[in-house]
Amino acid sequence: MSGKLEKQYGKKLLEKLYREMVLIRRFEEVAGQQYGLRKIGGFCHLYIGQEAVAVGSIAALDLEKDYVVTAYRDHGHALACGMEPDVIMAELFGKVTGCSGGKGGSMHLFDAGRHMLGGNGIVGAHIPIATGVALKLKTGNEKGVVLCYFGDGAIHQGSFHESMNLAKILGLPIIYICENNQYGMGTDFTRVSSQQDLSVLGTAYNIPGKQLNGMDVLEVYDGIQKAVATVRETSDPLFFEIKTYRYRGHSMSDPAKYRTKEELDNYKQQDPILILKKRLVDEQVFAENKLDEIDEEAKRSSAQSVKFAEESAEPSIESLYSDVYA
Amino acid sequence: MREITIREALNEALQEEMKRDDAVILFGEDIARMQGAFKVTAGLLDMFGEDRVIDTPLAETLVVGGAVGMAMAGLRPVAELMFADFLGIAMDQLCNYAAKMKYNCGVNVPLVVRTACGARGSGMHHSQNTEGWIQNVPGLKIVMPSTAYDAKGLLKSAIRDNNPVVFFEQKTMYGLKGEVPEGGDLVIPLGKADVKRQGGDITIIATGGTVHEALAAAAELEGRGISCEVVDPRTLLPLDHETIIESVKKTHNVVIVHEAPKIGGIGAEIAAVIAEEAIYELESPVRRIGAPFTPVPFSRPLEKAYVPDRERIITTVMELLSPEGV
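Residues numbered from 1 in each chain as written. Chains lettered and ligands numbered in written order. Predicted model: local features only at pLDDT ≥ 70, side-chain atom pairs only at ≥ 80, totals over all residues. Heavy atoms only, no water.

Caption draft 1: Up close: the packing of helix α3 (residues 51-58) of chain A against helix α9 (residues 217-234) of chain A. All names here are of chain A. Between α3 and α9, the least distance of the axes is 8 Å, while the angle of their chain directions is 35°. Considering the relative orientation of α3 and α9, their crossing is right-handed. Contacts from A52, V53, V55, G56 and S57 in α3 reach V217, V220, Y221 and I224 in α9. Of the residues assigned to the contact of α3 with α9, the class counts are 7 nonpolar, 2 polar and no charged. (Axes fitted to C-alpha atoms, helices over the stretch in contact; angles between N-to-C directions. Helix = DSSP H or I, 4+ residues; strand = E, 2+ residues; numbered from the N terminus. Left-handed = near helix turned anticlockwise from the far one by under 90°. Contact = heavy atoms within 4.5 Å. Nonpolar A, V, L, I, M, F, W, Y, C, P; charged D, E, K, R; others polar.)

Here it is in C-alpha cells:
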C-alpha cells in the first residue's frame, strides 16, 4: 500500500527527518552522559524533546543561500545543518578538532561554511545579528532566507522587538522562530509574559504570526517550508511560535523541580520521534526494523563522536592568542 | 595645502570608501535624510541611495547588532551611534558579539562604529568620553583622531580593517580645520602614534581634543624655556608602545592627558606601559591629567572645571620640571 504520507513528502525526506531527529536524540543522550562523567564541562543545554523544531524547519532550507542563527541550545540545529557529530562532540569536549578549535564550547557551535552562524550565548542578543544577515541578503538580492531561533525567554528582550520592527520596515527575508519550550530556565513563561499566545507578538509590528505544534515534525516542516517559499518571494518577515518541550532541565545542572512528573510524562506521550515513527510504520513507508537500524546508526555515530573527541588533542596554548584579530 | 574641517574630512573618507567598495554601507539613526546629528553624512544619501545609507529606528542594540550580522555576511557596515554615551545600550553587541566572533568561528567582522564624544554643554548623557568602557575588550580596536588629516586617513583605514573598530569623534572638533591633501588615497595605518610636535624636555601624550590643548600648552611653555614633545597615540587599541617609549627615552619626563576620567582611563594603561618598559628612563613621576571622577556636569563653569585644559597641562609640566617656578 503506497500511503498518502509517502506521496506527499517522498521517502527521502521522511527518512531524513527521522534520521536527523534520532541522531539528535542519541547525540544528546550521549552528551548528557559525558557531562555526567565530567568529560564535558561548563554549561550544556540539551535539545531532547525539541528535535522536531530544528529538524522540521531546517529541512525547509537551502543552506547554499539560506542561513540559520540560533541561541545556546544549539546542538540540534548544528546537527540539522549537517555539521558532523564528531566535530560537535569535540567542541563540547573543548578539543582542537571541534568546530571552534575548542574555544567556543557547547553554546557557541558554528559552521560559517554551512551558513550556521551560531550558537550564541546571551539570551536574545543574536536576533539583531540574524536581522543584519537578512539585510545583507536583501541588499544583494540573493533570494536567501534567515531562520532565527530563540526561546520563550528571549521575547522580552528589547533586541527581539527592535529587530522585528526593522525587519518589517526594510522588508527583510527573515523568519523569527520562538521555540516555546515553556520555561525560561526555571520560570514558567506564563508567569513572566503578559501575553500567553506568543504568536501574536509580531502583530504590533505588522508581522503575521502563527503557532505550530513543535512535537510534530511534519507540521513544523509544512509550516516553515511554506513560509520560506513565501519569504523568498516577498522578502517580508514572518514570525512563528513553535510549541515544544524539553525533557531535561534547562542545563545539566538543573534538576527541573519546577515542573511535575505528570507534565513531563504527558509530553513524552507526544514524543516527536515516536509520533513520526508510528506514522511511518502505520502508513507503511518504512518497516519498523529499518527505522530501528537508523536508530542504531545514530547510536553508533554518537558513540563514535565521543571516541573522536576523547582521542583528539587539547588545543595548543598558543591557540589562546590566535584569531583575536583578523 | 587645502584646509578642510574634520567634519568634511570624515565625509570625504566615507564617500571615497563607498565609491571604492560597494560593500561599504552606512547604518544609523538620522544619518540619511537628516545627514547625521553632526552632519558628517551630508550628501551621502543623494550620492549612494537609501540601500547604502540607511536610517534606522532609534535602537542602538539593533544598530550595532544588525551591523555585526551584515559584516559577518560580507558587508562592511559603518554604524553610527549618535553619542558615545549611547555605547552602553549597544555594549553587549559590541563587546560580546562583534569583538568575539573571530575567536568563536573565524568569521571576520569588518565593522566601524562611529560615535561622537566629548563635553559640549550637553550634560551627563551626551558628553562622555567612553573609550575607557571598552579598552580592555580583546577583539576591538579603538581610534580617536585629533586632526582633519588623521580623521580622514584613519577612518578610511578603519573601514578597510577586518576587525570591529570603534571610532571616537570629538564633537567640539567637527568644525576644526586642518590641512588635508586634495585627491589621492590618504590612508593612515591603525596602531601608529603621531608626534604632533617635537621637543626635548618633556613628553605630553594626549588624545582627541586634548591634543590641541597640549599643543597650545607646548607653545606657551616654549616661551618659558621648556621644550615639549606632543605625542598623539591616535589609535588607543592597539596602542603604539614604540613611539611612546621612544619619546620617553628622549625627554625622560611624561604627562598624559585625556578627557575621560583619570581613574581607569587610557592614561593608566599608558603609564603602566611606561613603567613596565622604560621606568629607569624617567627623571620624574609620570603624571596623568584626566577628568575628575564625577559625571559630566551641565553648568558652564562646572564643565570648564571638568574638562582638562591647557592651564592644567602647563601647571602640571611646571610642577614636574620647574617646581619653584609654578
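Continuing now.
Caption draft 2: Highlighting the packing of helix α6 (residues 126-139) of chain A against helix α3 (residues 60-72) of chain B. Relative orientation of the contacting elements α6 of chain A and α3 of chain B amounts to 55°, with a least axis distance of 6 Å. Looking at the two axes, α6 of chain A sits oblique to α3 of chain B. The way α6 of chain A lies across α3 of chain B gives a crossing that is right-handed. From α6 of chain A, P128, I129, G132, V133 and L135 of chain A reach across to α3 of chain B, where they touch T61, L62, G65, G66, V68, G69, M70 and M72 of chain B. When the residues that make up the contact of α6 of chain A with α3 of chain B are grouped by side-chain class, the tally is 8 nonpolar, 5 polar and no charged. (Parallel < 35°, antiparallel > 145°, perpendicular 65-115°, else oblique.)

Caption draft 3: Inspection of the interface of chain A and chain B at higher detail. Facing 33 residues of chain A, the contacting portion of chain B comprises 37 residues. Roughly 2700 Å² is buried in total at the junction of chain A and chain B, and carbon and sulfur atoms are behind 68% of that figure. Inspection of the region where chain A meets chain B yields 1 salt bridge. The closest approach of N and O atoms between K102 of chain B and D323 of chain A, which form a salt bridge, is 4.0 Å. Counting the contacts that link chain A with chain B gives 11 residue pairs in polar contact (both at pLDDT 80 or more). (Buried area = accessible area lost by both parts, 1.4 Å probe. Salt bridge = Lys/Arg side-chain N within 4 Å of Asp/Glu carboxyl O. Polar contact = N/O pair within 3.5 Å; in protein donor to acceptor, adjacent residues only side chain to side chain.)

Caption draft 4: How the structure looks around the pairing of strand β5 (residues 112-117) of chain B. All names here are of chain B. For β5, a buried count of 6 out of 6 residues is recorded, marking the element as mostly surrounded by other parts of the structure. Side chains of β5 alternate between two faces, with V112, R114 and A116 and V113, T115 and C117 buried alike. Pairing of strand β4 (residues 76-83) with β5, which is carried by 5 bridges, proceeds in the parallel orientation. Within the sheet, the bridge partner assigned to F83 lies in β5 and is A116. (Buried < 20%, exposed > 50% of the residue type's maximum accessible area, 1.4 Å probe, protein only. Pairing = 2+ DSSP bridges.)

Caption draft 5: Just the domain arrangement of chain B, in detail. All names here are of chain B. When the domains of chain B are assigned, the result is domain 1 (3-179) and domain 2 (194-325). Computed from C-alpha coordinates alone, the two centres of domain 1 and domain 2 are separated by 27 Å. Listed per partner, the contact involves 28 residues of domain 1 and 22 residues of domain 2. For the pairing of domain 1 and domain 2, the buried interface totals around 1900 Å² over both sides, and the portion due to carbon and sulfur atoms is 56%. In this structure, D150 and R234 form a salt bridge, with 3.0 Å as the shortest nitrogen-oxygen distance. Elements supplying a minimum of two residues to the side of domain 1 that touches domain 2: α6 (131-134), β6 (141-143) and α7 (148-160). (Domains from an automatic or database assignment.)

Caption draft 6: Here's a closer look at the side chain of N129 of chain B. Residues and elements named next belong to chain B. With respect to the helices and strands, N129 occurs in the loop between β5 and α6. Under the relative-accessibility criterion, N129 is labelled buried at 8%. Among the polar contacts listed, one links the side chain of N129 to the backbone nitrogen of G118, at a separation of 3.3 Å. The residues contacting N129, other than those within four sequence positions of it, are C117, G118, M144, Q170, E259 and A260.

Caption draft 7: Summary view of the environment of A167 of chain A. Residues and elements named next belong to chain A. Along the chain, A167 turns up in helix α7 (residues 158-170). For A167, a relative accessible area of 0% translates into the label buried. Residues contacting A167, with those up to four places away along its chain left out, are T131, L172, I174, Y176 and P237.

Caption draft 8: Structural view of α7 of chain A. End to end, α7 of chain A covers 18 Å across 13 residues, agreeing with the expected 18 Å (1.5 Å per residue, within 8%). Taken as a whole, α7 of chain A has its buried residues at S159, F160, E162, S163, M164, L166 and A167 of chain A. The elements touched by buried residues of α7 of chain A are α6, β2 (146-151), β3 (174-180) and β7 (238-243) of chain A together with β2 (24-28) and α3 of chain B. Two residues or fewer after α7 of chain A comes G171 of chain A, characterised by a positive phi angle close to 65°. (Expected span 1.5 Å × (residues − 1).)

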